[in-house]
Amino acid sequence: MLVNGIGENVYQVDNQVATVNLTPGIQVYQEKLLEFEDKELRLWNPRRSKLAAAIINGLSIFPFERDSVVLYLGASAGTTCSHISDICCDGRIYSVEFSATMMREFLDVSKNRPNLLPLLEDATRPSKYHHLVESVDVIYSDVAQVHQTELFIENFKYFSKENTKGILMIKARSIDVTVKPSIIFRQEKSKLEQHGLKVLEEIRLDPYEKDHIAYICEKSF
Ligand SMILES: C[S@@+](CC[C@H](N)C(=O)[O-])C[C@H]1O[C@@H](n2cnc3c(N)ncnc32)[C@H](O)[C@@H]1O
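Description of the structure in this document.

What counts, and where the lines are drawn
- Residues numbered from 1 in each chain as written.
- Predicted model: local features only at pLDDT ≥ 70, side-chain atom pairs only at ≥ 80, totals over all residues.
- Heavy atoms only, no water.
- Pairing = 2+ DSSP bridges.
- Helix = DSSP H or I, 4+ residues; strand = E, 2+ residues; numbered from the N terminus.
- Axes fitted to C-alpha atoms, helices over the stretch in contact; angles between N-to-C directions.
- Contact = heavy atoms within 4.5 Å.
- Near = heavy atom within 4 Å.
- Areas by Shrake-Rupley, 256 points an atom, 1.4 Å probe, with all protein chains shown as cover.
- 1 Å grid on protein atoms, 1.4 Å probe; cavity = no way out; pocket = protein on both sides within 12 Å on 5 of 7 lines; lining within 4 Å.
- Sits in = over half its atoms within 2 Å of the grid points.
- Nonpolar A, V, L, I, M, F, W, Y, C, P; charged D, E, K, R; others polar.
- Buried < 20%, exposed > 50% of the residue type's maximum accessible area, 1.4 Å probe, protein only.

Side note on the sheet that holds strand β12 (residues 212-219)
Each strand in a sheet pairs with its neighbour through backbone hydrogen bonds, running either in the same direction (parallel) or in the opposite one (antiparallel).
At step 1: Strand order across the open sheet formed by seven strands is β8-β7-β6-β9-β10-β12-β11, with mixed pairing between neighbours. Each edge of the open sheet carries a strand with a single partner, namely β8 (116-120) and β11 (197-204). Recorded for the sheet is a direction-independent mean angle of 15 degrees between the axes of neighbouring strands.
At step 2: Sheet topology places strand β7 (residues 92-97) next to β8; five bridges connect them, and they run parallel. Looking at β8, one finds that Val-96 is bridged to Leu-119.
At step 3: Each of β7 and β8 is contacted by helix α3 (residues 100-110), which is oriented at about 165 degrees to β8, the strand it contacts most.

The structure is reproduced here in C-alpha cells:
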C-alpha cells in the first residue's frame, strides 16, 4: 500500500517510508528503487537514517516542504541529506560535515543534486560559515558527539528566523555511557528550554537506533 500522508514527496510503503527520487535511476546507498505512477521512489532505511526511524515511530511534526531551506549538521556521506534533497526539491540544504573523508563521499552524492550545498566546516564554530548560510526554515542536527545540544543551540542562534523548526537527534551514549539514557535525555531537554527553545515533540528511535531520541523544537516566545 502506498500512502502520501507524511509530507510532499514522502510516501508510506506498507510499514516503510520512501521519497520521490530527484535523480531517477541513481541510488545513494544501494537503497531499493520502486516505480509508482509516473515517479520513482527510493526506500528510506530507518536503520541508516534517524529521520526515517522517527517517521516510522510516529513523528507528527514534519517541517520539510518542497521549497524549504535547511541547515544540516553532521551530513556524513549524505544518506539522510539525500532524502531531504528529494523532499525539498526546490529548496536548499546547507550540509555541514567536518570529516574530509566523509565529505569526499558526500561530494559524490551532491554532484547529482544541485540543492545539496556542501560545507567542510566544524559545526561547533558557526561564526566560520555564517557568511555562507542564510536564515533557514529547518535546522537538523545529527553529530553524535558530547556537546551535541550546545552545538545545536549555537547554530540555532545564528541561523533561525521566527518560525524555524529544529530537529535534534540525541545519542545518549555519545554524551555519557555511565548515565542512564533517560537521565541524559531529560538533561539535554532542559538545556534546550534554558536557551529559549520549546520542545514540541519528542520521539524515541528504538528499535532502529538504541538509546536515541529526537527533539523537535522552535523558539519559545
Ligand atoms: C551519526 S553521523 C551522521 C549521519 C547522517 N546524519 C545521516 O543520517 O546520514 C555523525 C556525523 O557528524 C559528523 N560530525 C561530528 N562532529 C561534527 C562537527 N563538530 N562538525 C561537523 N560534523 C561533525 C561526523 O564526522 C559524522 O559524519
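The rest of the description comes next.
Quick word on the site of the ligand
At step 1: Neighbouring the ligand are 17 residues, the closest being Tyr-72, Thr-80, Glu-97, Ala-123 and Asp-142.
At step 2: Here the ligand has 610 Å² of accessible area as a free molecule, and 86% of this is covered by the chains.
At step 3: Taken atom by atom, the bulk of the ligand overlaps the largest pocket.
At step 4: For the shell around the ligand, the class distribution of residues is five nonpolar, seven polar and five charged.

Overview of unusual backbone geometry
At step 1: A cis amide bond links Asp-206 to the next residue, Pro-207, at an omega of 0 degrees.
At step 2: Inspection of the secondary structure assignment puts Pro-207 in the loop between β11 and β12.
At step 3: Of note, Ser-76 is a non-glycine position whose phi angle comes to about 50 degrees, a positive value.
At step 4: The exposure class of Ser-76 is partly exposed, given its relative accessible area of 32%.
At step 5: Of note in the backbone geometry, Asp-211 takes a positive phi value of approximately 60 degrees without being a glycine.
At step 6: Take Asp-211: it is sitting in the loop between β11 and β12.
At step 7: Among the residues examined, Asp-211 registers a relative accessible area of 10% and is labelled buried.

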